[in-house]
Amino acid sequence: MATPYRERTITDPQMNTGDEPYFEAAAQGRLVLKQCGDCGEYHHYPRSFCPFCQSENVSWRDAKGTGTVYSYSIMRRGTPVPFCIAYVTLAEGVTMVTNIVDCDLDSVRVGQPVKVTFKKSEGGISMPMFTPI
Amino acid sequence: MSINGKAYIAGAFEHPTRKAPDKSTAQLHAECARGALADAGLAMQDVDGYFCAGDAPGSGGFSVANHLGLKLRHIDCTETGGSSYIVHVNHAAQAIAAGKCNVALITLSGRPRSEGAAGTSFSNQGASGMVVYSRGMGVPDEPFELPYGSATINMYAMVAMRHMYEFGTTSEQLAWVKVAASQHAQHNPNAMLREVLTVKDVLDSPLIADPLRRMDCCVVSDGGGALVVTRPEIARQLPRPLVKIRGAAEALKHQMGGKVDLSYSAGAASGPLAFAEAKVTPADIKYASIYDSFTITVIVQIEDLGFCKKGDGGKFVADGNLISGSGKLPFNTDGGGLCNNHPANRGGMTKVIEAVRQLRGEAHPRVQVKNCDIALAHGTGGSLGHRHGSATVILERE
Ligand SMILES: [Zn+2]
């Protein structure tokens, strides 16, 4: 069985105040994360403070852009084209909701190494997604 | 302060409808309220505490309280999705123990079947061809999730996929949960799915979101239910069997800033707290209502509640171990959300109702657990895959 990746229409992210730098970096092909200057922890999704120690001393960092598939599911019904949703654990240790793209979706496995790539939403906003290395 | 023995469930009512295109949601709330009060032998004017959640039309509890004509001195609109009504039982017992009310009414209703809001699958909308279930303006996580097509079913599917990876759980084991529910539903004339299913039937149903198949999902039904909780002095004057609240607890789990762990639910916190308050152990539970939005939901919660070791849930549910009469842990003897009813896409209410039936000896004779003296009802609201609230209540027939 093979389920080739097909482009789908991606709903625009309804950004909240403070989210802009994340999507501006994505438009430049960079995946960024917030890191705490006090406890050192990365977190995701990005906040204006550290959810682990409540410090406001947080700054944007370029992520390595690599990770492994923590879990995934291929949506096959009720969607115009099949797509693969996933939780990817980044090299920095945080796990994010994303899609696995540009591959045979049936070949996706938990634990598989992946790297970041970007797909545009219907309004032209770049969304970080991942593809097998 | 413990609530053990401070309050009783005096009335329970499950609306018989599963499709109600000709009734408003408010009317269904009213019919459920009257049903539970009649069951208890009480009247609407006896109610002084009201509990409802996000399914209630209008803002908080105002509109339904107005609709019913309630005169209240206590109100609680705690919203934890499908587990809200189990939380409400806990909160009602607390309020009664604290002297804040005497007769607490909890209602639920909704019409997702008539209104076409399954919640478990997409329908078409806009250019993307997918409904995006936004929870309103300013929700901080949504820009980082919804564009990826996150939905109830594929988020639960990722819990199942991870469970298979970490613990070797199989699709056959998931299927056994549905099979057990179908064995019970055949005896419930109101159940949406009364056909007895085999493991093969479940495995032959189409994949919706790997590894979950259509038959791993609960039904979509209109309807509702209600409960009446009251203090011991009042409960003892009523004609119904006494169902005592021995322990209850709730907990919340989320993505922990990116330290996502799908292997357990908030039930791992609420379960032990409820058992400790009730002063019983999982071995004492004769019957368990376990929220069954999907088959995987049951497996994860059974582990978290301590009915088996973490990771052994798949093996535990296999070979009919959840079937009343033959299995070790009779569960969801009404057919559960998987086969009977999942009103308003919220299963916590019916979980408590069937536990009350079992303790009263009023379940269908073919599924009634013998000497059912201690029962548990447990629910998960929201999504195991990202954010959810779990609630556990332990009840005793006195
Ligand atoms: Zn910190």
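Please refer to the structure higher up on the page.
Attention here is on the structure that accompanies the text. (Residues numbered from 1 in each chain as written. Chains lettered and ligands numbered in written order. Predicted model: local features only at pLDDT ≥ 70, side-chain atom pairs only at ≥ 80, totals over all residues. Heavy atoms only, no water.)

A look at the packing of aromatic side chains
Centre-to-centre distance and the angle between the planes together describe a pair of aromatic rings. Where we set the bar: Geometry of aromatic contacts follows a simple scheme: Phe, Tyr and Trp rings, the Trp one being its six-membered ring, pair when their centres are within 6.5 Å, and the pair is stacked under 30 degrees between planes, edge-to-face over 60, tilted otherwise. By the criteria applied, helices consist of DSSP H or I runs no shorter than four residues and strands consist of E runs no shorter than two, each listed in order from the N terminus. Note on exposure labels: buried denotes an accessible area under 20% of the residue type's maximum, exposed denotes more than 50%, and partly exposed covers the range between, all computed with a 1.4 Å probe on protein chains only. Here, a charge over a ring means that NZ of Lys or CZ of Arg falls within 6 Å of the ring centre while also lying within 35 degrees of the ring normal.
All chains considered together, the criterion is met by six aromatic pairs over all chains. Relative to F144 of chain B, the ring of Y45 of chain A lies with its centre 5.8 Å away and its plane at 20°, an arrangement referred to as stacked. Of the two residues, Y45 of chain A sits in the loop between β2 (42-43) and β3 (58-62) while F144 of chain B sits in the loop between α4 (112-115) and α5 (152-167), which places them in two different chains. Each of the two residues, Y45 of chain A as well as F144 of chain B, counts as buried. By way of ring pairs, the aromatic residues Y22, F23 and Y45 of chain A together with F144 of chain B are connected into one cluster. Over the ring of F83 of chain A we find R8 of chain A, and its NZ or CZ is 4.4 Å from the ring centre. Directly above the aromatic system of F52 of chain A lies the positively charged group of K259 of chain B, at a separation of 4.8 Å from the ring centroid.

A closer look at the packing of helix α6 (residues 171-185) of chain B against helix α10 (residues 295-304) of chain B
Residue and element names in this part refer to chain B. Spelled out, the test is: The angle between two axes is taken between their N-to-C directions and runs from 0 to 180 degrees, where each axis is a line fitted to C-alpha atoms and a helix contributes only its stretch in contact. Roughly parallel means an angle under 35 degrees; roughly antiparallel means over 145; roughly perpendicular covers 65 to 115; every other angle is labelled oblique. We call two residues in contact when some of their heavy atoms are within 4.5 Å. Under this grouping Gly is polar, as are all residues other than the nonpolar Ala, Val, Leu, Ile, Met, Phe, Trp, Tyr, Cys and Pro and the charged Asp, Glu, Lys and Arg.
Between α6 and α10, whose axes approach to 8 Å, the crossing angle comes to 100°. The angle between α6 and α10 falls in the class roughly perpendicular. Facing Q173, L174, V177 and K178 of α6, the residues of α10 in contact are T295, I296, V298 and I299. A breakdown of the residues in the contact of α6 with α10 according to their chemical character gives five nonpolar, two polar and one charged.

Digging into the pattern of salt bridges
Residue and element names in this part refer to chain B. Put simply, the rule is: Any carboxyl oxygen of Asp or Glu within 4 Å of a side-chain nitrogen of Lys or Arg constitutes a salt bridge here.
The tally for this structure, following the rule as stated, stands at 32 salt bridges over all chains. Salt-bridge contacts for E31 lead to K23; the nearest nitrogen and oxygen are separated by 3.1 Å. By relative accessible area, which is 24% here, K23 ends up partly exposed. D292 serves as the salt-bridge partner of K351, at 3.3 Å between the closest nitrogen and oxygen. With K351 in helix α13 (residues 348-360) and D292 in the loop between β9 (287-290) and α10, this pair connects stretches of sequence that are 59 residues apart. Each member of the pair, K351 together with D292, is buried. By sharing partners, the salt bridges in this structure join R236, K244, R246, E396 and E398 into a single network.

Thoughts on the environment of Y87 of chain A
To keep things clear, this is the line we draw: Pairs of N or O atoms are called polar contacts if they sit within 3.5 Å, as long as, within protein, a hydrogen donor faces a hydrogen acceptor (for residues adjacent in sequence, only side-chain-to-side-chain pairs).
Among the structural elements, Y87 of chain A can be located in strand β5 (residues 83-90). Separated by 13 residues in the primary sequence, Y87 of chain A and I100 of chain A place their C-alpha atoms 9.3 Å from one another. In terms of polar contacts, Y87 of chain A uses its side chain to reach the backbone carbonyl oxygen of G385 of chain B, at 2.6 Å.

Focus: the environment of N4 of chain B
Here N4 of chain B lies in the segment before β1 (8-14). Taking the C-alpha atoms as reference, N4 of chain B lies 31 Å from S263 of chain B; in sequence the two are 259 residues apart.

Details of the packing of helix α3 (residues 84-97) of chain B against α13 of chain B
Residue and element names in this part refer to chain B. Axis separation between α3 and α13 bottoms out at 6 Å; the angle between their running directions is 60°. When the axis of α3 is compared with that of α13, the two are oblique. Listed contacts from α13 to Y85, I86 and V89 of α3 are G348, M349, K351 and V352. Of the residues belonging to the contact of α3 with α13, the class tally is five nonpolar, one polar and one charged.

A word on the sheet that holds strand β1 (residues 32-36) of chain A
Residue and element names in this part refer to chain A. Cut-off, in case you're wondering: In this scheme, strands are said to pair when DSSP sees at least two bridges between them.
Ordered in space as β2-β1-β3, the three strands form an open sheet in which the pairing is antiparallel. Of all strands in the sheet, those with a lone pairing partner are β2 and β3, marking the two edges. The pairing of β1 with β3 spans five bridges and is antiparallel. By the bridge assignment, K34 is partnered in β3 with W60.

Read these as layout, nothing more, since geometry by itself doesn't imply function.
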